Amino acid sequence: MSKIAVVYWSGTGNTEAMANVIADAAASAGAEAKTFSASEFSTGDMAGYDAIAFGCPAMGAEQLEEDEFEPMFSACKSTLKGKKIALFGSYGWGDGEWMRAWEADCRAAGAVLACDSVICAGEPDEEAKAACEALAKALV
């Protein structure tokens, strides 16, 4: 059984809703899935999981949340080489630039992106939920 961590930060609950869909779908696909807020996860947790879904909404000028998520993720970057990951998050403006930059950062660190990242404007609709389920299955 594969072990999947779903690590997220959410200010409005939209990215948290996506994280819950991903964790539930991973469990339904036969994985052991555990959800963590950004403040609950650290570099030391990375080795305990076969794959990790990282979720963060776009903040400010389309960037990762700076107080909790970005410091945690930056600390984990050194352990991404060869690690199977997926990215997700919501946004309220812009065109997804934060996700493209985040994907490039992960590739540069040597991460293996399991599938296309999932982004949605605001609250996840049925299409976004289906994409989150597909993301979970790609990680399993």
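Residues numbered from 1 in each chain as written. Predicted model: local features only at pLDDT ≥ 70, side-chain atom pairs only at ≥ 80, totals over all residues. Heavy atoms only, no water.

1. A look at a negative patch on the surface
No. 1: There is a patch of like negative charges on the surface, built from Glu-66, Asp-67, Glu-68 and Glu-70.
No. 2: Mapped onto the fold, Glu-66 is located in the loop between strand E3 (51–55) and helix H2 (69–76). (Patch = residues over 30% accessible without salt bridge, like charges linked within 9 Å, V, L, I, M, F, W, Y side chains within 5 Å. Areas by Shrake-Rupley, 256 points an atom, 1.4 Å probe, with all protein chains shown as cover. Salt bridge = Lys/Arg side-chain N within 4 Å of Asp/Glu carboxyl O. Lys, Arg positive; Asp, Glu negative; His and termini not counted. Charge placed at Lys NZ, Arg CZ, Asp CG, Glu CD. Helix = DSSP H or I, 4+ residues; strand = E, 2+ residues; numbered from the N terminus.)

2. Observations concerning helix H1 (residues 14–28)
No. 1: The terminal C-alpha atoms of H1 lie 21 Å apart, and with 15 residues this matches the ideal 21 Å at 1.5 Å per residue to within 8%.
No. 2: For H1, the full list of buried residues reads Asn-14, Thr-15, Met-18, Ala-19, Val-21, Ile-22, Ala-23, Ala-25 and Ala-26.
No. 3: Here the buried face of H1 lies against strand E1 (3–8), strand E2 (32–37), E3, strand E4 (84–91), strand E6 (118–121) and helix H4 (126–139).
No. 4: Gly-30, located one to two residues past H1, shows a positive phi value of around 105°. (Expected span 1.5 Å × (residues − 1). Buried < 20%, exposed > 50% of the residue type's maximum accessible area, 1.4 Å probe, protein only. Contact = heavy atoms within 4.5 Å.)

3. Topic: the pattern of salt bridges
No. 1: Following the criterion strictly, the structure yields 3 salt bridges and no others.
No. 2: Between Asp-95 and Arg-100 there is a salt bridge whose closest N-O contact spans 3.0 Å.
No. 3: Here Glu-126 makes a salt bridge to Lys-129, at a shortest N to O gap of 3.7 Å. Taken as a pair, Glu-126 and Lys-129 lie in helix H4 at a separation of 3 residues, close to a single helical turn.

4. Things to note about the side chain of Ser-117
No. 1: For Ser-117, the location among the structural elements is in the loop between strand E5 (112–113) and E6.
No. 2: Reaching out from Ser-117, the side chain makes a polar contact with the side chain of Glu-103 at a distance of 2.6 Å. (Polar contact = N/O pair within 3.5 Å; in protein donor to acceptor, adjacent residues only side chain to side chain.)

5. A short note on unusual backbone geometry
No. 1: With phi around 50°, Glu-62 is a residue other than glycine that occupies positive phi space.
No. 2: Here Glu-62 shows up in the loop between E3 and H2.

6. A few points about the UniProt feature "domain: Flavodoxin-like" (unreviewed entry) in the protein
No. 1: Within this structure's numbering, the places UniProt gives as "domain: Flavodoxin-like" (unreviewed entry) are residues 4–140.
No. 2: From the first C-alpha to the last, residues 4–140 spans 7 Å; its make-up is 36% helix and 22% strand. (UniProt positions renumbered as here; feature names shortened; annotations may be inferred.)

7. Quick notes on the packing of H1 against H4
No. 1: Where H1 contacts H4, the two axes come as close as 8 Å, and the packing angle between them is 45°. In terms of their interaxial angle, H1 and H4 are classed as oblique. The hand of the H1/H4 crossing is right-handed. Side by side, H1 and H4 meet where Met-18, Val-21, Ile-22, Ala-25 and Ala-26 of the first sit next to Lys-129, Cys-132, Glu-133, Leu-135 and Ala-136 of the second.
No. 2: Residues that form the contact of H1 with H4 fall into these classes: 8 nonpolar, no polar and 2 charged. (Axes fitted to C-alpha atoms, helices over the stretch in contact; angles between N-to-C directions. Parallel < 35°, antiparallel > 145°, perpendicular 65-115°, else oblique. Left-handed = near helix turned anticlockwise from the far one by under 90°. Nonpolar A, V, L, I, M, F, W, Y, C, P; charged D, E, K, R; others polar.)

8. Let's talk about the packing of aromatic side chains
No. 1: Throughout the structure, instances matching the rule amount to 9 aromatic pairs.
No. 2: Geometrically, the ring pair formed by Phe-54 and Phe-73 is edge-to-face, given 5.0 Å between the ring centres and 85° between the ring planes. Separated by 19 residues along the polypeptide, Phe-54 in strand E3 and Phe-73 in helix H2 bring together distant segments of the chain.
No. 3: With 5.5 Å between their ring centres and 85° between their planes, Phe-69 and Trp-102 make a pair best called edge-to-face. With Phe-69 in helix H2 and Trp-102 in helix H3 (residues 97–108), the pair connects residues that are 33 residues apart, well separated along the chain. Each member of the pair, Phe-69 together with Trp-102, is buried.
No. 4: Aromatic rings pair up to connect Phe-36, Phe-41, Tyr-49, Phe-54, Phe-69, Phe-73 and Trp-102 into one cluster.
No. 5: Over the ring of Tyr-49 we find Lys-3; its NZ or CZ atom is 5.1 Å from the centre of that ring. (Phe/Tyr/Trp six-rings, centres within 6.5 Å; stacked < 30°, edge-to-face > 60°. Lys NZ or Arg CZ within 6 Å of the ring centre and 35° of its normal.)

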